[in-house]
Structure formats: C-alpha cells, structure tokens
Amino acid sequence: MKVDAFDFELPEALIALRPAEPRDSCRLLVVHGDGRLEHRTFSDIVDYLCGPDVMLLNDTRVSPARLHGQREGRGSIAKVEFLLHRRLAPDRYEAMARPLKRLAPGDCLRLGQTLTGRVAEKRADGLVDIVFDLSGPDLDAAIAAQGEMPLPPYIAGKRKADMRDRSDYQTVYAAHDGSVAAPTAGLHFTAALLDCLATRGVEQTRATLHVGLGTFRPVKAQDTGGHQMHPEWGQLPADTASRLNAARQVGGRIVAVGTTSLRLLESAAAEDGTLVPWQGETSIFITPGYRFRATGALLTNFHLPRSTLFMLASALVGLETLQAAYAAAIREQYRFYSYGDACLLMPPHGKV
C-alpha cells in the first residue's frame, strides 16, 4: 500500500508533553469493529473487559539510555549525544549517535560527569559501537545515574527530560531493562485499576519485548512493501503461552496492551492461533490485509501519521474505521502520542 494512505494532519497543540494525573484519568476512545465510537475515561475499561478475557502486558523497562557529552581529541572538542540501543559486551554498547559526522573510530568520549569511553566502530547503518572504561554493574550504575530517559523527539524537542519522567515514562509493572522507549499503552494503568480488572476475572499475563531504535525511525519508503522493520528482541514464556491458550479455548479474548505486545503475540502464534513459547528477534511488519492469528483486541495510544504503529492499528479494525476514529479524536481534542490518551480497538469477537 502507498504510505500516503496513512497520512493525516494533527494540530501541534494536541501533542501531550506530560501524562494525565492520575494515570487512569486520561480519556479512552473505544473503537468497535462496526465503526461505532464511544468516548470514555480510561478507568472505564473495566466496562469492556471481563473473564475469561486475558491481557498481555509488556513488562520491559525503559533504560535511561540517552547520554550527552563530548568528543575529545583530534585537536578539538565537539558536543555529541548517544542513545544506547543494545549491549554487546559487559563494557560495550551499540548506539545511535548525533551528529554522526563528528565521530570516527578511536575517538575518546566523555559522557555525563565521569563516564568515559571511545568509539570502537562506526557502522554503515548509522550506528556506532562504544567501549566504555567501566564494565558490568559499575557501568550499569553510571548509566543509571548520568543517563536521561529517552523521550520521543516530539517531546524532547520541546522540553528536557527531568526526574518526573523517570517514573512517568515507566509502566507500573516494568521489570526488565532494555527498551529505548516505553510501551506507552501500559502507562495508563495504576495498580488499583489492575486489581479491579482482576476482580472481574480478567487475567493478566506478561511477556517482554524490548522497544528498539525502529520506534524513532520514520517510514521513508513510498510503499509499505519497501519498508524494513528494525528487529527487536522479545520473549513469550511457556507459562504465559499456556495461560493465553487456556483463555482462548474457553472463548476469552487476548487483549494486547500495546502494539509491542501485539507484535510479540503474532510472532509467537502458530497458523491456528496457538501460542508457543518463543524467544528471539522479531521484525514483523503488520499492515492492512494481515491475517491476525491470536489477537482479539488492542489497547493502544494515538500514533504518528505514516508510522508503522498507525499501519498496524489500521490492519486490526480497517483503515477507514481508524481514519474516522482519529478524525473524531482530533475534533474532540484528545491528547496524542506517548503521554496522550488511549484507544481501545475491538474488532468483532472471533472476526479478526
């Protein structure tokens, strides 16, 4: 499909720079498979889910992976910024660098107050490898102390990350470090709301998909067939797969909390929708026409135009339905993107 089909105009004033307080007081747009829309508050999600439905939560944790500093040597000093992406060794990371043209292999780096290292490799894909002078837990502690939360560009371009973001940009169930961005659909849950859903018989299962650099990279191809997703590492444990399968067998829906959970689900599902234990990298790219195997509903945020996330959501309920829902959200002044409001996409049960 032409990427232009997924474009829309969004007033800049609707981009949320801070989350709602409390988390579950944000707005919720419920999108039914027949195109019907309901305007609710997020805590009202209890009205749409009940046993034997089961939610899949992505328990990845965002690392404070953005480091500011300078390149030293070569007769000059230059300011640089890194977004640590993937650990390669106890003392070595793959990272996105800005500006890349100021760096060369062997360059010495001073990041934050005390963290030092050097550029080990500059890759053709625009990434660099950094070898730090610290290693293992010592390096972990230094990054945690001196790094910033990697807020998306549409927020970071308007304000600096601060200490509030250390908690705001983390789900209440985050457990495993490794993401460069939050699984933002889960940011709306409070512990009390999760408890309330549990009392209604809605089981909560967990898996991990570490959000990677692809979340920051736009689709530059003119056709969706020309876009390649950046691989992301995930794991669906055996116990989680078993619980999801049990819910499906008694007529329950698997509700993916976020596009990351959905991509993990579909990566681990067999042709008949059966979930199997799974671990590895996925580069699954879901666009309209995709046949969903396991996903029964999707809880998500409002996404950027022309983004792979908007394409995925369009595949679940149909492009025209999602375009109408977004147009209504803009008219009703919903808040968009990572810190914005939520959207519950509910195709007809059993019709995905």
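The following paragraphs examine the structure supplied in this document.

Rules used throughout
- Residues numbered from 1 in each chain as written.
- Predicted model: local features only at pLDDT ≥ 70, side-chain atom pairs only at ≥ 80, totals over all residues.
- Heavy atoms only, no water.
- Pairing = 2+ DSSP bridges.
- Helix = DSSP H or I, 4+ residues; strand = E, 2+ residues; numbered from the N terminus.
- Axes fitted to C-alpha atoms, helices over the stretch in contact; angles between N-to-C directions.
- Contact = heavy atoms within 4.5 Å.
- Core = buried A, V, L, I, M, F, W, Y, C linked by side-chain atoms within 4.5 Å.
- Buried < 20%, exposed > 50% of the residue type's maximum accessible area, 1.4 Å probe, protein only.
- Polar contact = N/O pair within 3.5 Å; in protein donor to acceptor, adjacent residues only side chain to side chain.
- Phe/Tyr/Trp six-rings, centres within 6.5 Å; stacked < 30°, edge-to-face > 60°.
- Lys NZ or Arg CZ within 6 Å of the ring centre and 35° of its normal.
- Disulfide = S-S within 2.5 Å.
- Salt bridge = Lys/Arg side-chain N within 4 Å of Asp/Glu carboxyl O.

1. A short note on the sheet that holds strand 16 (residues 297-301)
Stage number 1. The nine strands are arranged 2-1-17-16-14-3-12-13-15 in an open sheet whose pairing can be described as mixed. Among the strands making up the open sheet, the edge pair consists of strand 2 (37-41) and strand 15 (278-282). On average, adjacent strands in this sheet sit at an angle of 25° to one another, irrespective of strand direction.
Stage number 2. With five bridges joining them, strand 1 (residues 27-32) and strand 2 adopt antiparallel strand pairing. What sits directly across from Val30, in strand 2, is Glu38.
Stage number 3. The strands touched by helix 8 (residues 319-331) are strand 1, strand 2, strand 16 and strand 17 (342-346); relative to strand 1, the strand with the most contacts, the crossing angle is about 155°.

2. Examining the nonpolar core
Stage number 1. Counting 61 residues, the largest nonpolar core has Tyr169, Leu275, Phe336 and Leu345 as the members making the most contacts within it.
Stage number 2. Broken down by element, this core gets its largest block of residues, seven residues, from helix 7 (residues 308-317).
Stage number 3. When residues no more than four places from it in sequence are discounted, the contact partners of Phe336 are Phe8, Leu10, Leu14, Ile15, Ala16, Phe302, His303, Tyr326, Ala329 and Ile330.
Stage number 4. Formed by 24 residues, the second largest nonpolar core is a distinct cluster that contains Val30, Phe42, Leu57 and Leu344.

3. Some points on the side chain of Arg66
Stage number 1. Mapped onto the elements of the fold, Arg66 is located in strand 5 (residues 66-72).
Stage number 2. Using a relative accessible area of 11% as the deciding quantity, one classes Arg66 as buried.
Stage number 3. Polar side-chain contacts of Arg66 include one of 3.2 Å to the backbone oxygen of Leu151.
Stage number 4. Every residue in contact with Arg66, bar those within four places of it in the chain, is listed here: Glu81, Phe82, Leu83, Gly147, Glu148, Met149, Pro150, Leu151 and Ala156.

4. Observations concerning the packing of aromatic side chains
Stage number 1. If you walk through the whole model with that rule in mind, you get 14 aromatic pairs.
Stage number 2. Pairing Phe336 with Tyr337 gives two aromatic rings, centres 6.1 Å apart and planes at 85°, and the pair type is edge-to-face. Accessibility classification places Phe336 together with Tyr337 in one group, the buried group.
Stage number 3. Grouped by ring-pair contacts, the aromatic residues Phe6, Phe8, Tyr154, Phe302, Phe310, Tyr326, Tyr334, Phe336 and Tyr337 constitute a single cluster.
Stage number 4. The positively charged end of Arg27 is found above the aromatic ring belonging to Tyr334, 3.9 Å away from the centroid.

5. Side note on the sheet that holds strand 5
Stage number 1. Around the barrel, six strands lie side by side as 5-6-7-10-9-8; this closed barrel has antiparallel pairing. Going from strand to strand, the sheet's axes swing by 45° on average, the running direction of each strand aside.
Stage number 2. Two elements, strand 8 (residues 108-111) and strand 9 (residues 115-122), share four bridges in a ladder whose sense is antiparallel. For Arg110, the partnering residue across the bridge sits in strand 9 and is Thr116.

6. Comments concerning the state of the cysteines
Stage number 1. One pass over the full model with this rule turns up zero disulfides.
Stage number 2. Cys50 takes part in no disulfide bond, and the closest cysteine sulfur, belonging to Cys196, lies 12 Å away.
Stage number 3. For Cys50, a relative accessible area of 35% translates into the label partly exposed.
Stage number 4. Look at Cys196 and you get partly exposed, because its relative accessible area is 32%.

7. Some details on the side chain of Ser307
Stage number 1. The topology assignment puts Ser307 in the loop between strand 16 and helix 7.
Stage number 2. At a separation of 3.2 Å, a polar atom in the side chain of Ser307 contacts the main-chain amide nitrogen of Phe310.

8. Re the environment of Cys26
Stage number 1. Position of Cys26 relative to the elements: it lies in the segment before strand 1.
Stage number 2. Remark: the alpha-carbon pair of Cys26 and Phe42, spanning 16 residues in sequence, is separated by 5.6 Å.
Stage number 3. Not counting residues within four places of it along the chain, the set of residues in contact with Cys26 comprises Ala20, Thr41, Phe42, His188, Asp341 and Ala342.

9. Considering the pattern of salt bridges
Pairing between side chains becomes possible if they bear opposite charge and their charged atoms approach one another.
Stage number 1. For the structure on display, the rule yields 29 salt bridges.
Stage number 2. Between Arg159 and Asp165 there is a salt bridge whose closest N-O contact spans 2.9 Å. Here the two residues Arg159 and Asp165 agree in accessibility, since each one is buried.
Stage number 3. Each member of the salt-bridge network shares a partner with another, and the members are Arg86, Arg92, Glu94, Glu121, Arg123 and Asp129.

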